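Coordinate inspection notes
Residue strings, one per chain:
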Amino acid sequence: SAASLKPLLPGEATLGVMGGGQLGRMFVHAAQSLGCRAVVLDPDADSPAGLVAHEHIHAGYLDEAGLARLAEVADAITTEFENVPAQALARLAERRFVAPAGAAVAYCQDRAAEKAHFGASGVACAPYAVIESAADLAAVADSLLPGILKTSRMGYDGKGQIRVRNRAELQAGWDELKQVPCVLEQMLPLALELSVLSARGADGTVVQFPVQQNLHRDGILAVTQVPAPAVSEALQQQALASAARIATEMGYVGVLCVEFFVLQDGSLVVNEMAPRPHNSGHYTMNACDVSQFDLQVRAMARLPLRTPRLHSPTVMLNLLGDLWFDAAGAERTPPWDAILALPGTHLHLYGKTSARPGRKMGHLNITAATPAEAERLAREAAGLLG
Ligand code: ADP
Ligand code: MG
């Protein structure tokens, strides 16, 4: 079993990753910092991770020759995005240790399966109904409206979601989504949003980062703050315990992000999960003594998982492609010199060759001695970015 596998040693192992986006790139950097070789499989010649890996297998995710090459060179394999085809992970698992396993990733690919897993883990999510047929649609309880209709598969950054107030809008929304399988969730009165990053080892050890408080704009993560400024200690403990149960219940190995809502009545509800490091965990690169990417490397290499310690209060600002355009729409370079002159700023750019509005180009971590100082510097940085 995985638990009895020997650790892969720093300086010797080759670690593979399916997907070449920014999460893959930061994973590659973490693997390389332990002297490991890193190999990326991604169809895009300019993929951010492929550009920095020892080897970029330039192939589709189901390409047999590409998968065979990855299994040949990598001692262990992970994924940087949840929509990697389950068959691809199953194929790789015939020859190599794959973490997280395809079965765990499959829960995260389907909102209905994901919510069923939350229930099985004893963690409450929003009241919902699965809609796969006209009969399902007709049977929806009135109490779920107003609600949010979400495609069961392939949604991200608020895409594939329609807010519906009544049955007529529900019908129109489902038509607009081409009547693909969906879940309808009751619209909840949110006070704020949180996430928890856990890493679980093949031996069942779970370590966790502190709770993150997240602010989204237009469905995309904009700001993460740690420590979470508006969340009680009791609620943080509840979120951490819930996330650990969700990971353990599916025998998960690797880094898992679980997103939560805090409702206006102060209760906690789980939203969704991602089977990988997460945008809301990027602050760990500069504010913790071990990053989410370091823990992904350790988990897949069966190296000791260390409980992360937050050493600096921090604010993370996502840098979207919008910042690469001025008010008149002309391309510009954001004022990096002024940003880097601010105390506590750590700039991470993903090496993407072209900027588009809404595209994740990088992030800025701002660390300080106190939460108030980190917030003040973050406001100053945001002002400079414009
Ligand atoms: P995505 O996969 O796009 O991140 P989410 O399910 O996390 O999709 O939804 C995106 C955002 O929409 C959430 O971060 C939250 O702000 C809002 N949202 C989602 N579901 C609900 C809900 N049931 N009630 C209120 N707001 C919601
Ligand atoms: Mg989300």
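Owing to the predicted nature of the structure, the values given are computational and were not obtained by experimental measurement.

Taken together, the 4 strands give an open sheet; going across it, the order is S6-S9-S7-S8, and neighbouring strands pair in antiparallel fashion. Strands with a single pairing partner mark the edges of an open sheet, and in this sheet they are strand S6 (128-131) and strand S8 (161-164). Pairs of neighbouring strands in the sheet enclose a mean axial angle of 20°, with direction left out of account. By the bridge criterion, 5 bridges tie strand S7 (residues 147-151) to strand S9 (residues 182-186) in an arrangement that is antiparallel.

This next bit is on the site of ligand 1. Every one of the 20 residues lining ligand 1 counts as a neighbour, but Lys150, Gly158, Gln161, Glu193 and Asn271 are closest to it. For ligand 1, an oxygen atom lies 2.6 Å from a polar atom in the side chain of lysine 150. Separating a nitrogen atom of ligand 1 from a backbone N or O atom of glutamine 186 is a distance of 3.0 Å. Within the complex, 91% of the 550 Å² of free accessible area of ligand 1 lies under protein. Looking at the shell around ligand 1, the elements with two or more residues in it are S7, S8, S9, strand S10 (190-200), strand S14 (254-263) and strand S15 (268-274). Here the residues of the shell around ligand 1 are counted per class, giving 6 nonpolar, 6 polar and 8 charged. Here the shell around ligand 1 spans two domains, and each of domain 2 (127-186) and domain 3 (190-385) adds at least three residues to it.

It is worth spelling out the pattern of salt bridges at this point. One pass over the full model with this rule turns up 15 salt bridges. Aspartate 142 is paired through a salt bridge with arginine 167; the nearest N and O atoms lie 2.9 Å apart. You can see aspartate 142 sitting in the loop between helix H6 (134-138) and S7 and its partner arginine 167 sitting in helix H7 (residues 167-176), a full 25 residues away along the chain. Aspartate 142 gets classed as exposed once you look at its relative accessible area, which sits at 57%. Among the ionic pairs, glutamate 380 bridges to arginine 376, the shortest N-O distance being 3.1 Å. Of this pair, glutamate 380 and arginine 376 are both found in helix H12 (residues 371-385), 4 residues apart, which corresponds to roughly one turn of the helix. What makes glutamate 380 partly exposed here is its relative accessible area of 37%. Take arginine 376: its relative accessible area is 38%, and that puts it in the partly exposed class. Several salt bridges converge on common partners, so that one network encompasses Glu55, Arg69 and Glu72.

Strands belonging to one sheet form pairs held by backbone hydrogen bonds; the direction of such a pair is parallel or antiparallel. Ordered in space as S3-S2-S1-S4-S5, the 5 strands form an open sheet in which the pairing is parallel. Two strands lie at the open edges of the sheet, namely strand S3 (55-57) and strand S5 (97-98), each paired on one side alone. Strand direction decides the pairing type here: strand S1 (residues 14-18) and strand S4 (residues 76-79), joined by 4 bridges, are parallel. What sits directly across from glycine 16, in S4, is isoleucine 77.

Turning our eyes to something else, we now look at the side chain of threonine 224. Relative to the assigned elements, threonine 224 resides in strand S13 (residues 220-226). A polar contact is formed between the side chain of threonine 224 and the side chain of asparagine 214, at a distance of 3.0 Å. Apart from residues no more than four positions distant in its own chain, threonine 224 is found in contact with Gln212, Gln213, Asn214, Ser280, Tyr283, Thr314, Val315 and Met316.

Attention now goes to the nonpolar core. Residues Leu194, Ile246, Leu256, Val258, Phe260, Val270 and Met273 are the most contacted members of the largest nonpolar core, which totals 26 residues. Of all the secondary structure elements, the ones that give two or more residues to this core are helix H4 (102-109), S10, helix H8 (233-249), S14 and S15. The element contributing the most residues to this core is H8, with 6 residues. When neighbours within four sequence positions are excluded, leucine 256 is seen to be in contact with Val196, Leu197, Ser198, Ile246, Ala247, Met250, Met273, Ala274, Pro275 and Arg276. Residues Ala30, Ala31, Val40 and Phe293 belong to the second largest nonpolar core, which totals 25 residues.

Let's shift gears to the coordination of the magnesium ion (ligand 2). At the metal site, the magnesium ion (ligand 2) is ligated by Glu259 (OE) and Glu272 (OE), and these contacts range over 1.9 to 2.7 Å. Residue glutamate 259 is found in strand S14, and its partner glutamate 272 is found in strand S15; the two are separated by 13 residues along the sequence.

Attention now goes to the packing of aromatic side chains. The final tally for this structure, using the stated rule, is 2 aromatic pairs. When the ring of tyrosine 61 is compared with that of phenylalanine 81, the centres are 4.9 Å apart and the planes differ by 50°; the resulting orientation is tilted. Linking tyrosine 61 in the loop between S3 and helix H2 (64-73) with phenylalanine 81 in the loop between S4 and helix H3 (86-93), this pair joins segments that are 20 residues apart in sequence. Lying over the aromatic face of tyrosine 128, lysine 115 brings its terminal NZ or CZ to 5.8 Å of the ring centre. When the ring centre of phenylalanine 97 is taken as reference, the NZ or CZ atom of arginine 302 above it lies at 4.6 Å.

Another aspect to go through is the packing of H2 against H3. Interhelical geometry of H2 versus H3 gives an angle of 45° and a closest axis separation of 10 Å. In terms of axis orientation, H2 runs oblique to H3. Between H2 and H3 lies a crossing whose hand is right-handed. Here Glu64, Leu67, Leu70 and Ala71 of H2 come into contact with H3, specifically with Ala88, Arg91 and Leu92. Among the residues forming the contact of H2 with H3, the class breakdown is 5 nonpolar, no polar and 2 charged.

The terminal C-alpha atoms of H8 lie 24 Å apart, and with 17 residues this matches the ideal 24 Å at 1.5 Å per residue to within 8%. Residues of H8 that are buried include every one of Leu235, Gln236, Ala239, Leu240, Ser242, Ala243, Ala244, Ile246 and Ala247, and no others. In this fold, the buried residues of H8 make contact with helix H5 (111-120), S10, strand S11 (206-208), S14 and S15. Positive backbone phi, at 60°, marks glycine 251, one or two positions downstream of H8.

What counts and how
Residues numbered from 1 in each chain as written. Chains lettered and ligands numbered in written order. Predicted model: local features only at pLDDT ≥ 70, side-chain atom pairs only at ≥ 80, totals over all residues. Heavy atoms only, no water. Pairing = 2+ DSSP bridges. Helix = DSSP H or I, 4+ residues; strand = E, 2+ residues; numbered from the N terminus. Axes fitted to C-alpha atoms, helices over the stretch in contact; angles between N-to-C directions. Near = heavy atom within 4 Å. Polar contact = N/O pair within 3.5 Å; in protein donor to acceptor, adjacent residues only side chain to side chain. Areas by Shrake-Rupley, 256 points an atom, 1.4 Å probe, with all protein chains shown as cover. Nonpolar A, V, L, I, M, F, W, Y, C, P; charged D, E, K, R; others polar. Domains from an automatic or database assignment. Salt bridge = Lys/Arg side-chain N within 4 Å of Asp/Glu carboxyl O. Buried < 20%, exposed > 50% of the residue type's maximum accessible area, 1.4 Å probe, protein only. Contact = heavy atoms within 4.5 Å. Core = buried A, V, L, I, M, F, W, Y, C linked by side-chain atoms within 4.5 Å. Donors = N, O, S within 2.8 Å, 3.2 Å for Na, K, Ca; no water. Phe/Tyr/Trp six-rings, centres within 6.5 Å; stacked < 30°, edge-to-face > 60°. Lys NZ or Arg CZ within 6 Å of the ring centre and 35° of its normal. Parallel < 35°, antiparallel > 145°, perpendicular 65-115°, else oblique. Left-handed = near helix turned anticlockwise from the far one by under 90°. Expected span 1.5 Å × (residues − 1).

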